Amino acid sequence: MLEIKDNTIVITKDDGTSEEWKIYFFYHMDERNKTYYFIYKEEDPDSLIVMASRDGTTLENVSDEEYDEANEVLVAYENDPKIEAIK
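Residues numbered from 1 in each chain as written. Predicted model: local features only at pLDDT ≥ 70, side-chain atom pairs only at ≥ 80, totals over all residues. Heavy atoms only, no water.

Enquirer: How would you sum up the sheet that holds strand β4 (residues 34-41)? Please name residues and give values.
Expert: With antiparallel pairing, the 5 strands of this open sheet are ordered in space as β1-β2-β3-β4-β5. Single-partner strands in this sheet number two, and they are β1 (2-5) and β5 (44-53). Geometrically, the sheet is characterised by an average inter-axis angle of 35 degrees between neighbouring strands, direction not taken into account. Alignment of β4 against β5, held across 6 bridges, turns out to be antiparallel. Across the sheet, residue Y36 finds its bridge partner in β5, namely A52. (Pairing = 2+ DSSP bridges. Helix = DSSP H or I, 4+ residues; strand = E, 2+ residues; numbered from the N terminus. Axes fitted to C-alpha atoms, helices over the stretch in contact; angles between N-to-C directions.)

Encoded structure:
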């Protein structure tokens, strides 16, 4: 299960333990009806990973195709001059 609060995703595992991941960027893809989250551990900013959610309460791994598409979106996001201006 996941909970989003203050730009943080709190992931609760089946055993009841939880982890906090910071949200770097997210977007929704209508064609797949999924939201893709780029998340990282605050203590390790290089730990950036991409996960997906269909229902907003659970996360799932992405396929290789989804990963490649998500990286293209991330590159476009990072190179957008409008985004650069607000960073």
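This is not the end of the story, as more comes after the structure.
Enquirer: So what about the pattern of salt bridges? Which residues, and what values?
Expert: Using the criterion set out here, one finds 8 salt bridges in the structure. Linking E19 and K41 is a salt bridge whose minimum nitrogen-to-oxygen distance equals 3.9 Å. One end of the pair, E19, is in strand β3 (residues 18-29); the other, K41, is in strand β4, with 22 residues separating them in the sequence. Assessed through its relative accessible area of 18%, K41 is described here as buried. Here E65 makes a salt bridge to R32, at a shortest N to O gap of 3.3 Å. (Salt bridge = Lys/Arg side-chain N within 4 Å of Asp/Glu carboxyl O. Buried < 20%, exposed > 50% of the residue type's maximum accessible area, 1.4 Å probe, protein only.)

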